[in-house]
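Notes for the structure review
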Amino acid sequence: MELFLAVIAASCVFVVVFILLATFVVQRRVARKYAPKRKISTDNISVGESDHHKEEQDGETKSGGEMMPQSELNVKPLSVNYHFTRQCNYNCGFCFHTAKTSFVLPLEQAKRGLQLLKEKGMEKINFSGGEPFIVKRGDFVGELCRFCKIDLALPSVTIVSNGSLVTEKWFEKYGKYLDILAISCDSFNPDVNEKIGRQQGNKNHLQSLRQVREWCYQYKIAFKINTVVNTYNHEEDMTEPIQELNPCRWKVFQCLLIGGENAGSEALRHAESFVVSDDDFKNFLTRHSPVACLVPESNDFMRNSYLILDEYMRFLDCTKGNKDPSKSILDVGVDNALLFSGFDEKMFFKRGGKYVWSKADLRLEW
């Protein structure tokens, strides 16, 4: 009798365990079938951790059901353009980073932001404006160059300037910390430069250009020229003067409209009359095809392929035709700000954004 009761008890225990296990398995299957896909929280994503988030990249969605672009998850700020001032002594009619504020970050805060960018993978910094040499007569940008080259050990430190405020004393003090100096020049005809607004008073822009070229040669800095193709210069032949100046790169841009900057009711510039057609731009490139250092950038290439920081260290998203700012990297960090930069990394590489940008690797003949 006792044996019979023991068998009955053991059987009951087995049945209970079996029911519990079966219930658990069924609940797991139902949960997997009907549970929604996990969503990625942008608050916790580290943009550089591409391997850790590979599973999320392949199949996760944003809250609105839209696929999260891979570039938002694995992009790093390899090359950054820091427009630390909007002030300028020139009045170029097509300028798309205009003097809407006079704000400039304190030097130490700017350095802190650059340190954050270096920690996230920045290898090249380009200082631009406005006019970079207008702040503290060039000492501000000079100290940033020194910090980036010595403290951060960046492979490439570059500046884009109109050249009119550059002095030889600046080269003596800061030249060793600079890899490339780009001077903007849209015409070799003084009358055309005057119509564009690329001058100040009686300053001779072309004379400044050639003087800076000589200083770059003397102080062993790679020299570059930037040109914006517009309605005033698109028929000009610049082949001979460009070859004479022999820059390491001649960047040729198609005139670009940006809402709120050089187009629209709230803009300080109205560049609609400066815009050239795609055919005009192509004809300009064809005319200058013998120039080996020419690097063309159409509007399609340029609009979303630059990481641009404004004077508050906010990334500017130009994908909608305006400059929509992220929050400052000083407040939210580089990763979170990058998610709102609109940066197209594939286009960055397609347009040749990664090139030999350290003067040590350029092997130039001084």
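Heads up: these notes are all about the structure in this document. The structure displayed is predicted, hence computed values, not measured ones. Numbering of residues starts from 1 in each chain and follows the order in which that chain's sequence is written. For this predicted model, a pLDDT threshold of at least 70 governs which residues receive local features, and a threshold of 80 or more governs which side-chain atom pairs are given and counted, while totals over whole chains, interfaces and linings are taken from all residues. Hydrogens are left out, water is left out, and the side-chain values use all remaining heavy atoms of the structure.

Attention now goes to unusual backbone geometry. With an omega of 20°, the peptide bond running from G129 to G130 counts as cis. Secondary structure elements are taken from DSSP: a helix is a run of H or I of four residues or more, a strand is a run of E of two residues or more, and numbering for both begins at the N terminus. When you line up the elements, G130 lands in the loop between β2 (124–128) and α5 (139–151). Positive phi is not limited to glycine here, since N246 has a value of about 55°. Summary of the burial criterion: residues with accessible area below 20% of their type's maximum are buried, those above 50% are exposed, and those between are partly exposed, where the area comes from a 1.4 Å probe applied to protein chains only. Overall, the relative accessible area of 52% leaves N246 in the exposed class.

Looking at where D278 falls in the secondary structure, it is placed in helix α10 (residues 278–287). Residues D278 and Q254, spaced 24 residues apart in sequence, show a C-alpha to C-alpha distance of 8.3 Å.

Mapping K124 onto the fold places it in strand β2. Positive charges come from Lys and Arg alone, negative charges from Asp and Glu alone, with His and the N- and C-terminal ends not counted. Here a salt bridge means any side-chain nitrogen of Lys or Arg lying within 4 Å of a carboxyl oxygen belonging to Asp or Glu. The side chain of K124 is buried and forms no salt bridge, while D179, the nearest opposite charge, is found at 9.3 Å. Here K124 is in contact with L78, S79, V80, S156, T158, Y355 and W357, once residues within four sequence places are set aside. Only heavy atoms enter the contact rule, under which two residues are in contact if any of them lie within 4.5 Å.

All right, on to the environment of V104 then. Mapped onto the secondary structure, V104 falls in the loop between β1 (79–83) and α4 (107–119). The exposure class of V104 is partly exposed, given its relative accessible area of 25%. Counting along the chain gives 17 residues from V104 to Q87, while the straight-line C-alpha distance between them is 9.5 Å. When residues no more than four places from it in sequence are discounted, the contact partners of V104 are F84, T85, V135 and F140.

Once that is clear, we can look at the packing of α4 against helix α12 (residues 329–338). Here an angle of 0 to 180 degrees is reported between the N-to-C directions of two axes, which are lines fitted to C-alpha atoms, with helices fitted over the stretch in contact. Put simply, α4 and α12 touch, their axes get as near as 10 Å, and they point 15° apart. Between α4 and α12, the angle falls in the class roughly parallel. Here α4 and α12 pass one another in a crossing that is right-handed. Of the residues in α12, those touching α4 at Q109, R112, G113, L116 and L117 are I329, L330 and V334. For this classification, Asp, Glu, Lys and Arg are treated as charged, while Ala, Val, Leu, Ile, Met, Phe, Trp, Tyr, Cys and Pro are nonpolar and the rest, including Gly, are polar. Considering only residue class, the contact of α4 with α12 consists of five nonpolar, two polar and one charged. Should an angle fall under 35 degrees it is called roughly parallel, over 145 degrees roughly antiparallel, and 65 to 115 degrees roughly perpendicular, with every other angle called oblique. In a left-handed crossing the near helix is turned counterclockwise from the far helix by less than a right angle, and in a right-handed crossing that turn is clockwise.

Any two rings among Phe, Tyr and Trp, with Trp reduced to its six-membered ring, count as a pair given centres within 6.5 Å; such a pair is stacked if its planes are under 30 degrees apart, edge-to-face if over 60, and tilted if neither. Counted by the stated rule, this structure contains 15 aromatic pairs. Pairing F103 with Y312 gives two aromatic rings, centres 4.6 Å apart and planes at 15°, and the pair type is stacked. Here Y312 lies in the loop between β8 (308–309) and β9 (314–317) and F103 lies in the loop between β1 and α4, a separation of 209 residues in the sequence. Ring geometry for W170 against F171: centres 5.9 Å apart, planes inclined by 90°, an arrangement best described as edge-to-face. For the pair W170 and F171, one class covers both residues: buried. Looking at R249, its charged tip hangs above the ring of Y355, at a distance of 3.6 Å from the centre. We call a charge positioned above a ring when the Lys NZ or Arg CZ atom is no farther than 6 Å from the ring centre and deviates by at most 35 degrees from the ring normal.

A word on the pairing of strand β3 (residues 156–161). Most of β3 is tucked away, with six of its six residues classed as buried. Side chains S156, T158 and V160 of β3 all project onto a buried face; the interleaved residues V157, I159 and S161 project onto the opposite face, where all are buried too. Strand pairing is assigned whenever DSSP identifies at least 2 bridges connecting the two strands. Strand direction decides the pairing type here: β2 and β3, joined by four bridges, are parallel. Bridging across to β3, F127 finds its partner in I159. By definition, the crossover connecting two strands over a helix is right-handed if that path, from the first strand to the second, turns clockwise as seen with the strands pointing away from the viewer. In this fold, the crossover linking β2 to β3 by way of α5 has right-handed handedness. Sheet topology places β3 next to strand β4 (residues 180–184); four bridges connect them, and they run parallel. Directly across from I159, in β4, lies its bridge partner L181. As for the winding sense of the linkage, the β-α-β connection from β3 through helix α6 (residues 168–174) to β4 is right-handed.

Turning next to the pairing of strand β6 (residues 249–254). Here β6 lies mainly inside the structure; six of its six residues are buried. Burial along β6 is two-sided: R249, K251 and F253 facing one way and W250, V252 and Q254 facing the other are all buried. Examined bridge by bridge, strand β5 (residues 222–229) and β6 share six bridges and lie parallel to one another. Paired with N226 across the strands is K251, a residue of β6. You can see the chain leave β5, run along helix α9 (residues 239–245) and come back into β6, and the turn it takes is right-handed. Summarising the sheet, β6 and strand β7 (residues 294–297) pair through four bridges and their orientation is parallel. Counted as the bridge partner of F253 is E297 from β7. Traced from β6 through α10 to β7, the parallel crossover comes out right-handed.

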